[in-house]
Amino acid sequence: MTIRGIETLELRYKKQCNNAFAVAAFLINHEDVQEVHYPGLVNHKNHEIAKQQQNGWFGGIVSFSLKEDTQYAADQFVTNTNYFKLAESLGGVKSLLCHPAQMTHASIPRERRLQSGIKDSLIRLSCGIEDAEDLINDLNQAFLKINELKEKRYA
């Protein structure tokens, strides 16, 4: 099984990287997104270093924070996706997402977490090998759902 997995590793990794770039490009222009962290984007602070070190393949992980920087907003988002499943694992062939403030970094006091750049609404995506358009459509429908919920909440 290990040998079989290694034989397709490069193909899977390149697909994940391409998907992550497409997702990051979608998120960077979305009206509900405050910031996107992906070294493949030219405006990322470490893009040039990553370009030299990573031979043009910038990985499958994308992080972003919402304009409504609350744990509630992030929770609404991460529970309204279909392709992206809520989990703490990274790097598999299936797309996953996690909310660090409530999952991986939940034990860190909020002020210390914020000082480290882990905002309340930070969401981490691990892009798999599904079709990039399906992943983008999934994220978009999650944004639409949370905006509907927001409208009901303030109505």
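Residues numbered from 1 in each chain as written. Predicted model: local features only at pLDDT ≥ 70, side-chain atom pairs only at ≥ 80, totals over all residues. Heavy atoms only, no water.

A. Focus on empty space enclosed by the protein. Applying the stated criterion across every chain, the model contains one cavity of 30 Å³ or more. Taken as a whole, the largest cavity spans an internal volume of roughly 60 Å³. Lining the largest cavity, in full, are Glu68, Tyr72, Ala73, Gln76, Ile146, Leu149, Lys150 and Arg153. Listing elements by their share of the lining of the largest cavity, those giving two or more residues are helix 4 (71-78) and helix 6 (132-154). Among the residues making up the lining of the largest cavity, the classes are represented as four nonpolar, one polar and three charged. (1 Å grid on protein atoms, 1.4 Å probe; cavity = no way out; pocket = protein on both sides within 12 Å on 5 of 7 lines; lining within 4 Å. Points joined across faces, edges and corners; volume = space filled by probe spheres on them. Helix = DSSP H or I, 4+ residues; strand = E, 2+ residues; numbered from the N terminus. Nonpolar A, V, L, I, M, F, W, Y, C, P; charged D, E, K, R; others polar.)

B. Layout of the layout of surface pockets. Quantified by volume, the largest pocket comes out at close to 220 Å³. Lining the largest pocket we find Ile28, Glu35, Val36, His37, Tyr38, Pro39, Asn43, His44, Lys45, Ile61, Val62 and Ser63. Secondary-structure elements contributing two or more residues to the lining of the largest pocket are strand 1 (33-37) and strand 2 (61-66). Here the residues of the lining of the largest pocket are counted per class, giving six nonpolar, four polar and two charged.

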